[in-house]
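# Summary of the model geometry
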Amino acid sequence: MWQIQTILLSLYGLYRLLQRPVIAIEELCIDFGLLYMPISGVWFLAYSANFPLLTFDSVSVILTAIHFTFISPGALVIIGMIGRRQHTRAIYRLGASLAIISPLLVAMGITLTQFSARMWLEAGSVIVLATSFLLLSVICLFGGLPRNLLSRMLIGLSAIALFVTMTFAIAYSSGRFSGQWAIALNVMVQWHGWLNAVGFTFLALVAWNIAIPDSKVSPSGIPFSRLPWRYRIGASYFESVGAIATTRTPAPTGIVADLADYQQVSFNVNDVHPAVHAFYEHTASHTLLVYPDWQRGFHHLGRLYKRVSEQIRQMNFPMEAESDETHIHSAIVPINDALDGRKSVRGWVRTYSQTGNTVYVAAYSSYIFEGDRYMNIAFPLPFGNLTSVLRLETPDGYEGGLRLTSISQREQDQGVYFANRLCPIRLPINETIRVYPADTLYDGYPDNFEVGEIVAEHKMWLFGIHFLTLHYSITS
């Protein structure tokens, strides 16, 4: 039963980790505290079955299970709570990063010492763990305490206990390494073990439960599309799933109803050139020419991707400029909000004019989160959809243009997700789209680029590596 509970806790940690729009070190501490839990379950199961896991004796097996029980949902969660008040400090980020990896370092150090007698591995890993915990405890005491008096008292007692327990941990490992002294294991259990469990972990968890600090990374407020998935998408996808709203009047003509709806601090709609404004509100009346620029090292991977995208008939990027995949035809269709689950949804279907092959099939909507409006684009795929959540900004140096980006900061919601019925997953993909009038000075056009009334530059990154830029020439 304990093993089952640890697995359920780790799944919750995975859920938290995957759906978060940004990387936040304090929330990662909580995530990894939960993800480490099955290690405790495995070792406790081995102890209960009297199985000598990795040749360790039964006492070492049960102590390992206890170690990961109190380090994982105990110490790492406590460090996460401290970070919710102190996440901006560079020293906190360093200590928290070490705290995340230190439990595994200690386990590896003890295990490798068991087989190779390299005591420095164990001693070094314990020093890293103890240093990171003590550093974070000091940060908490000098600026990270909650206002509640009882919580402050409990955290103070917890910090005192931690200083005692970490001193014993360093002394125990150093003594084993140097051979100059030895602390008996029963002494370690009494002073290090019990004080860690009751003095440090229990008191601190009670304190933070009394005064729980709010997360500085808001849970995603994204309404994901519920359009059904298909193995193949294609230009007729919306008709095939019965998503066309035939009774909606007036029928949409662009991917947004009114660009002024996106007016906010980061985006001033009054600065947008009339031609760019017209493109977003009357998209179907515009002709697009696309010129791909695959980055060095990605051209061959792009050809492999192309084989898949042609079969799926979705996100079918061109490989070469000046080919039969240059001219794009657009169609805007009204989507049934009840089927999709979002509001004022409209579909943009793009096909290559010369071949009729599908480029994109996407359902556009928007929503407001934390006072900002985001563009919410769902691309149907097998088993779910790729959802791109973009924030509109006024770009520097591109007068009359606008910038859409999935690159998010704290307390922002944008990103690229794989949305499914179980758990939306934040993907390591980012994109930015800059749209501006053609008379804007820009020297990044590809060869033979036909400059239209409007120019768009669509950049994409995978794991932070720029792999593709799509240049668009747009005319009405």
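Before reading on, note that the structure itself is shown above.
Each chain has its residues counted from 1, following the order in which its sequence is written. Restriction of local features to residues with pLDDT of at least 70 applies here, the model being predicted, together with a cutoff of 80 or more for giving and counting side-chain atom pairs; totals for whole chains, interfaces and linings are based on all residues. Excluded from the side-chain calculation are hydrogens and water; included are all heavy atoms of the structure.

Moving on, we get to the overall build of the protein. A count of helices and strands for the protein gives twelve helices and twelve strands. In terms of its C-alpha atoms, the protein occupies a principal-axis envelope of roughly 80 × 45 × 45 Å. By the burial criterion, 51% of the 476 residues in the protein qualify as buried. For this analysis, residues touch if any pair of their heavy atoms sits within 4.5 Å. Taking contacts inside the protein between residues at least 6 apart in sequence as the whole, the part at least 24 apart equals 65%. When the accessible surface of the protein is summed, it comes to about 22,400 Å², and 62% of that surface belongs to carbon and sulfur atoms. We score Asp and Glu as negative and Lys and Arg as positive, and we do not count His or the chain ends. Note on charges: their place is set at NZ of Lys, CZ of Arg, CG of Asp or CD of Glu. Distance between charge centroids for the protein: 10 Å, based on 32 positive and 33 negative side chains. Here a strand is any run of E in DSSP of at least two residues, a helix any run of H or I of at least four, and the numbering for each starts at the N terminus. Per-residue accessibility, obtained with a 1.4 Å probe over protein chains only, is compared with the maximum for each type, and a residue is labelled buried under 20%, exposed over 50%, and partly exposed between these values. Methods summary: accessible areas were calculated by the Shrake-Rupley approach with a probe of 1.4 Å, and residue burial reflects only the protein chains presented.

Let us now look at the side chain of S365. Tracing the backbone shows S365 in strand β4 (residues 358-369). Within the structure, the side chain of S365 is placed 2.7 Å from the backbone oxygen of K343, a separation counted as a polar contact. Once you skip the residues sitting within four places of it in the chain, S365 turns out to touch Y262, R342, K343, S344, V345, Y374, M375 and N376. N or O atoms within 3.5 Å of each other form a polar contact, as long as, within protein, one can give a hydrogen and the other can take it, and as long as residues adjacent in sequence are counted only when both atoms are side-chain atoms.

Before going further, it helps to spend a moment on the packing of aromatic side chains. Stacked, tilted and edge-to-face are the three classes applied to pairs of Phe, Tyr and Trp rings, where Trp contributes its six-membered ring and a pair requires centres within 6.5 Å; stacked means planes under 30 degrees apart, edge-to-face means over 60, and tilted covers the rest. All chains considered together, the criterion is met by 18 aromatic pairs. With 5.7 Å between their ring centres and 85° between their planes, Y231 and F383 make a pair best called edge-to-face. One end of the pair, Y231, is in the loop between α8 (185-210) and α9 (237-240); the other, F383, is in the loop between β5 (372-381) and β6 (384-393), with 152 residues separating them in the sequence. Judged by relative accessible area, which is 56%, Y231 ranks as exposed. Both rings, one in F279 and one in W348, keep their centres 6.2 Å apart while their planes meet at 70°; by these two values the pair is edge-to-face. Pair noted here: F279 is in helix α10 (residues 274-281) and W348 is in strand β3 (residues 346-352), with a separation of 69 residues, a long-range link. In this structure an aromatic cluster arises from ring pairing among F279, Y280, W348 and Y364. Geometrically, a charge over a ring is one whose NZ (Lys) or CZ (Arg) sits within 6 Å of the ring centre while staying within 35 degrees of the ring normal. The ring centre of W348 lies 3.7 Å from the NZ or CZ of R350, which sits over that ring.

Let us look at the pattern of salt bridges. When charged atoms on two side chains of opposite charge get close, those side chains can pair. What counts as a salt bridge is simple: a side-chain nitrogen of Lys or Arg found within 4 Å of a carboxyl oxygen of Asp or Glu. Summed over all chains, the structure comprises ten salt bridges. Among the salt bridges present, the one from K306 reaches E325, with a minimum N-O distance of 2.8 Å. In this pair, K306 sits in helix α11 (residues 299-312) while E325 sits in the loop between α11 and β2 (327-334), placing the two residues 19 residues apart along the sequence. There is no split in this pair, since K306 and E325 are both buried. Linking D340 and R342 is a salt bridge whose minimum nitrogen-to-oxygen distance equals 2.6 Å. Just as D340 is buried, R342 falls in that class too. Linked by salt bridges that have partners in common, R16, E27, D31 and R84 make up one network.

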